[in-house]
Protein chains: 2
Amino acid sequence: MAPVFSIAVLLYPGADVMDFSGPVEIFSTRPQPGEPEFKITTFAHNSPVKAGALVYVPHASFAEVESRLEEYDILVVPGAHPDMLKTFIPSEEGKQIAGLVRRFAGLKPRGETGYRVVQSVCTGALLLAASGILAGRTVTTHHIAYDALKQVADQAAGGESGVNVVRKRWVDAGITEAGVRIVNAGGVTSGIDASLWVVELLVGKERAALMAEVAEFERRGEEGWGV
Amino acid sequence: MAPVFSIAVLLYPGADVMDFSGPVEIFSTRPQPGEPEFKITTFAHNSPVKAGALVYVPHASFAEVESRLEEYDILVVPGAHPDMLKTFIPSEEGKQIAGLVRRFAGLKPRGETGYRVVQSVCTGALLLAASGILAGRTVTTHHIAYDALKQVADQAAGGESGVNVVRKRWVDAGITEAGVRIVNAGGVTSGIDASLWVVELLVGKERAALMAEVAEFERRGEEGWGV
């Protein structure tokens, strides 16, 4: 039987709509018979949760996903306006999110599928940075937050983090010691490109191409946005 | 004072996430000081409403928006899988939506802003077709639904509707007798391009370019998707 990839999508107040809706749209494209499926579980500390201009009822609570973290193949972490993240990251919820990301990055690849991916979109990379998992890596984020990303990573490292921020649509930032792949999308719509690349990695180029066609999305290369 | 454009975004069970999230993302980009704002109101027959893989709490009920329809500048109508629309369009809710679209298309441009736009995304064009407002127009929709769109338009016309379906990212289908502009986006992500074009029309090229930059979205021309 084709595997089912389970995707946990973090929601929080002020999260950018497109940052998570892009990945959700791509991953939830109707599969062809016999093809792997992607199952979406949104989760948040509160329900309902207002993200951008829309209001959502998450499928699960933060605690529920936290308690079954090893059941997820992909963790999607969207961004928000950097001003909002500046106060959110040091908050109790922000710390719990950083803790969750750190724990996910320390899990072995999931037995059922052989994969584990943590995927930030846009300034969601700042939440990954706060967890410390980006230290020493080449990463990206929204183009207004390149400096902020470096600062958060350095702060988490208690000094120079060795983080190298580049202008790309998405970055494969390598795997953690446990074997979890870290992927950073650039700003907002870059999350669509990054998700298609994750599909390529997990299922294959053909499936990614079909998903892009269904979404009438002309894929853009990994290279920097606007260059 | 800069005008505030009010946008009513229809949600319904099975509506495609990106079809309405694309427009919401673009229209809700933070304005520069003194620039026109776009205010989003989602509405649905039921609350919460499951659209694609996500669950939403609409800002208003269908009846509320129906009773204050003249207060909205833009009506966004997302699509869904054509199989779902086949049963949804003749349903009581589907008929009410067609009625709402027809009434909106018959309103004069809003006094406060001088505009009124009905914007379908993807197979949302089928709901516009069911309302009869596409008769005699050149229109577009998702590429798997070109024939279905023509059929629904002909059925609404009780014969040949004179609808001409073309392969484009979006189409300016002209204005109604009352002065409401009809815009059809192609499939899914085309709604982003169509929304940027609507912003260009209502506010100007510069604002649309800034919104695209914030979203790290490289705009695609009006010409057919995939050509």
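An unreviewed UniProt entry lists chain A under the name Transcriptional regulator, with Trematosphaeria pertusa given as the organism.

Participant: Lay out the relation of the copies chain A and chain B in plain terms, naming residues and giving numbers.
Facilitator: For the pair chain A and chain B, the superposition axis carries a translation of 0.0 Å, the fit reaches an RMSD of 0.0 Å, and the rotation angle comes to 180°. This pairing of chains is accounted for by a two-fold axis. Residue Y56 of chain A of chain A places its C-alpha closer to the rotation axis than any other residue of that unit, at 2.2 Å. When the interface residues of chain A are mapped onto chain B, 100% of them are again interface residues, pointing to one common binding face.

Participant: Could you give an account of the pairing of strand β6 (residues 74–77) of chain B, with specific residues and numbers?
Facilitator: All names here are of chain B. Covered by surrounding structure in β6 are I74 and V76 together with L75 and V77, the residues of both alternating faces. With three bridges joining them, strand β1 (residues 4–10) and β6 adopt parallel strand pairing. When the sheet's bridge partners are listed, I7 is paired in β6 with I74. Here four bridges tie β6 to strand β7 (residues 117–120), and the two strands are oriented parallel to one another. Opposite I74, over in β7, you have V117 as the bridge partner.

Participant: Which residues make up the sheet that holds strand β7 (residues 117–120) of chain A, and what are the values?
Facilitator: All names here are of chain A. Strands sit in the order β5-β2-β1-β6-β7-β11-β10 across an open sheet of seven strands; the sheet is mixed. Sheet topology places β5 (60–61) and β10 (170–175) at the edges, where each strand pairs with a single neighbour. In the sheet, β7 pairs with strand β11 (residues 181–185) via four bridges, with the strands oriented parallel. Pairing of V117 across the sheet is with R181, part of β11. The strands touched by helix α4 (residues 92–105) within the sheet are β1 (4–10), β2 (37–44), β6 (74–77) and β7, with β6 carrying the most contacts at an inclination of about 150°. In the packing of helix α7 (residues 190–202) onto the sheet, the strands contacted are β1, β2, β6, β7, β10 and β11, and the crossing angle to β11 comes to about 150°.

Participant: Help me get a handle on the environment of A135 of chain A, residues and values and all.
Facilitator: Residue and element names in this part refer to chain A. Looking at the element boundaries, A135 is found in the loop between α5 (124–130) and β8 (138–139). Sequence spacing of A135 and A157 is 22 residues, and the spatial spacing of their C-alpha atoms is 7.1 Å. Aside from chain neighbours lying at most four places away, what touches A135 is S161 and V163.

Participant: So what's going on with the interface of chain A and chain B? Which residues, and what values?
Facilitator: Between chain A and chain B, the residue contacts involve 41 residues of the former and 41 residues of the latter. Overall, the association of chain A and chain B removes approximately 3,300 Å² of surface from exposure, summing both partners, and the carbon and sulfur fraction of that is 56%. Run the count over chain A and chain B and you get two salt bridges. Summed over the shared surface of chain A and chain B, the number is 22 residue pairs in polar contact (both at pLDDT 80 or more). Those elements that place two or more of their residues in the side of chain A that touches chain B are α1 (17–27), β2, β4 (54–56), α7 and α8 (205–214) of chain A. Sort the elements by how many residues they give to the side of chain A that touches chain B and α1 of chain A lands first, with seven residues. Residues that form the side of chain A that touches chain B fall into these classes: 18 nonpolar, 14 polar and nine charged.

Calculation rules
Residues numbered from 1 in each chain as written. Chains lettered and ligands numbered in written order. Predicted model: local features only at pLDDT ≥ 70, side-chain atom pairs only at ≥ 80, totals over all residues. Heavy atoms only, no water. Least-squares fit on C-alpha atoms with pLDDT ≥ 70 in both. Contact = heavy atoms within 4.5 Å. Buried < 20%, exposed > 50% of the residue type's maximum accessible area, 1.4 Å probe, protein only. Helix = DSSP H or I, 4+ residues; strand = E, 2+ residues; numbered from the N terminus. Pairing = 2+ DSSP bridges. Axes fitted to C-alpha atoms, helices over the stretch in contact; angles between N-to-C directions. Buried area = accessible area lost by both parts, 1.4 Å probe. Salt bridge = Lys/Arg side-chain N within 4 Å of Asp/Glu carboxyl O. Polar contact = N/O pair within 3.5 Å; in protein donor to acceptor, adjacent residues only side chain to side chain. Nonpolar A, V, L, I, M, F, W, Y, C, P; charged D, E, K, R; others polar.

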